[in-house]
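Topology and contacts: notes
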Amino acid sequence: MNLPNIDLNLLQKPDFAQVQAKQLEHPVRILLLYGSNRERSYSRLAVLEAGRILEHFGADVKIFHPKGLPLPEDADHDHPKVKELHELLAWSEGMVWCSPERHGSMSSILKAQIDWIPLAAGAIRATQGKTLALMQVCGGSQSFNAVNQLRVLGRWMRMITIPNQSSVPKAFLEFEEDGRMKSSAYYNRIVDVMEELFKFTLLTRGQSAYLTDRYSERLESAEALSKRVNQKGI
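Residues numbered from 1 in each chain as written. Predicted model: local features only at pLDDT ≥ 70, side-chain atom pairs only at ≥ 80, totals over all residues. Heavy atoms only, no water.

Per an unreviewed UniProt entry, the protein carries the name NADPH-dependent FMN reductase ArsH and comes from Acinetobacter wanghuae. Annotation of the protein in UniProt includes, under Subunit (unreviewed entry), the sentence "Homotetramer." (UniProt positions renumbered as here; feature names shortened; annotations may be inferred.)

1. Description of the layout of surface pockets
Leftover empty space is mapped by rolling, across the atoms, a probe with the size of a water molecule. Approximately 180 Å³ is the volume attributed to the largest pocket. Residue lining of the largest pocket: 13 residues in total, with Arg 38, Tyr 42, Pro 100, Val 137 and Gly 139 positioned closest to the centre. For the lining of the largest pocket, the class distribution of residues is six nonpolar, four polar and three charged. (1 Å grid on protein atoms, 1.4 Å probe; cavity = no way out; pocket = protein on both sides within 12 Å on 5 of 7 lines; lining within 4 Å. Points joined across faces, edges and corners; volume = space filled by probe spheres on them. Nonpolar A, V, L, I, M, F, W, Y, C, P; charged D, E, K, R; others polar.)

2. Some words on the environment of Pro 66
Note on placement: Pro 66 falls in the loop between strand E2 (60-64) and helix H2 (80-91). Using a relative accessible area of 3% as the deciding quantity, one classes Pro 66 as buried. Along the sequence, Pro 66 and Leu 110 sit 44 residues apart, while their C-alpha atoms lie 8.2 Å from each other. Residues contacting Pro 66, with those up to four places away along its chain left out, are Tyr 34, Asn 37, Ile 109 and Gln 113. (Helix = DSSP H or I, 4+ residues; strand = E, 2+ residues; numbered from the N terminus. Buried < 20%, exposed > 50% of the residue type's maximum accessible area, 1.4 Å probe, protein only. Contact = heavy atoms within 4.5 Å.)

3. Here's the deal with the sheet that holds strand E4 (residues 131-137)
Pairing in this open sheet of five strands is parallel, and the strands run E2-E1-E3-E4-E5 from one edge to the other. Every other strand in the sheet has two partners, leaving E2 and strand E5 (160-168) as the edge strands with one partner each. When strand polarity is set aside, the average angle formed by the axes of neighbouring strands in this sheet is 20°. Relative to E5, E4 runs parallel, the two sharing six bridges. Directly across from Gln 136, in E5, lies its bridge partner Ser 167. Sheet contacts for helix H3 (residues 108-116): strand E1 (29-34), E2 and strand E3 (94-100); angle to E1, the most-contacted strand, approximately 135°. Running over the sheet, helix H4 (residues 145-156) touches E3, E4 and E5 and is turned about 165° from E5. (Pairing = 2+ DSSP bridges. Axes fitted to C-alpha atoms, helices over the stretch in contact; angles between N-to-C directions.)

4. Digging into the side chain of Gln 136
Within the secondary structure layout, Gln 136 lies in strand E4. Taking the relative accessible area as the measure of exposure, Gln 136 reaches 1% and is therefore buried. For Gln 136, the side chain forms a polar contact with the main-chain nitrogen of Ala 146, separated by 3.0 Å. If we skip the residues at most four places from it in the chain, Gln 136 touches Cys 98, Ser 99, Glu 101, Ser 143, Phe 144, Asn 145, Ala 146, Val 147, Ser 166, Ser 167 and Val 168. (Polar contact = N/O pair within 3.5 Å; in protein donor to acceptor, adjacent residues only side chain to side chain.)

5. Some words on the packing of aromatic side chains
According to the stated counting rule, one finds two aromatic pairs in the structure shown. Ring centres of Tyr 42 and Phe 175 lie 5.8 Å apart, and the angle between their planes is 40°; this geometry places the pair in the tilted category. Taken together, the residues Tyr 42 in helix H1 (residues 42-57) and Phe 175 in the loop between E5 and helix H5 (185-204) connect sequence positions 133 residues apart. Grouping residues by exposure puts Tyr 42 and Phe 175 together as buried. Plain terms: the ring middles of Phe 57 and Phe 198 are 5.8 Å apart, the flat faces sit at 40° to each other, and that makes the pair tilted. One end of the pair, Phe 57, is in helix H1; the other, Phe 198, is in helix H5, and 141 residues separate them in sequence. Positioned above the aromatic ring of Trp 91 is the side chain of Lys 62, whose terminal nitrogen or guanidinium carbon lies 4.6 Å from the ring centre. (Phe/Tyr/Trp six-rings, centres within 6.5 Å; stacked < 30°, edge-to-face > 60°. Lys NZ or Arg CZ within 6 Å of the ring centre and 35° of its normal.)

6. Quick notes on unusual backbone geometry
A positive phi angle is found at Glu 73, which is not glycine, with a value near 75°. The topology assignment puts Glu 73 in the loop between E2 and H2. The residue Arg 158 is not glycine, and still its phi comes out positive at about 60°. With respect to the helices and strands, the residue Arg 158 is situated in the loop between H4 and E5.

Structure (C-alpha cells):
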C-alpha cells in the first residue's frame, strides 16, 4: 500500500505478543473520587459501596476525600490535599468518578478534583491509558447529565472509559440509615459497572505505554531531534 505522506519508519504494526494481558504482582489499583462534602453524601456512599465490590473482586481500593481541597489555582501544587490527589493518581491503574447532579450537571467539587489532575508530564497526560468508570446520584428522577459530561472529560483525558455506567435516581431512598445501599436494580447496576471496570483494568494495566504511543507524537519527537542535531551541526 502506498502511503506517501507517512514516515513508514515511525509507523508501528501491532505486536500481538506485546499486547497480551500482563500478570503483575500487585492487585488491580483503583482510585475512587466523589463529588460532595455533605455529612451524608450519597455520592460518597455510592463510592464506598463500589469500593466494597471492587475489593471483593480482589482490587486494591483507595478513596480520595475532597474536603479541604482548594479551588484550582487558589493554591500551589505542594498543598497537602493536592499532593495527596497527585500521589493517588500516580498509584492508580483505574478510576471511578461519582458525582451528584447539581443544576443538571456534575458538581463543582468533582470538577475541581479533575481540574487539579495534571494534564501532562512532557507529552504524556497523567491519566492516559488508565481505565475509568462513571457514576452519578440524583436527587430526583433518573438522569444521565453528569455521567455524560464525565464521559466527555474521560475521553478528552485519553482514559479507557468503559461502556457501562450507573445513575441512581432518588438516592435518598436507596440507602439505609447506616449508609449501606439497599438491594435493588440500581445496586445490581453498580455491581455490573465495577465488574466491567475490574475486567478492563485487568486486561489493560501495564499496557499504558503501548496503548498511548502515537504516530503523531513519534513524528514530532523525531522532527525535534533532527532539528537539534542540525543546530549542532552534527
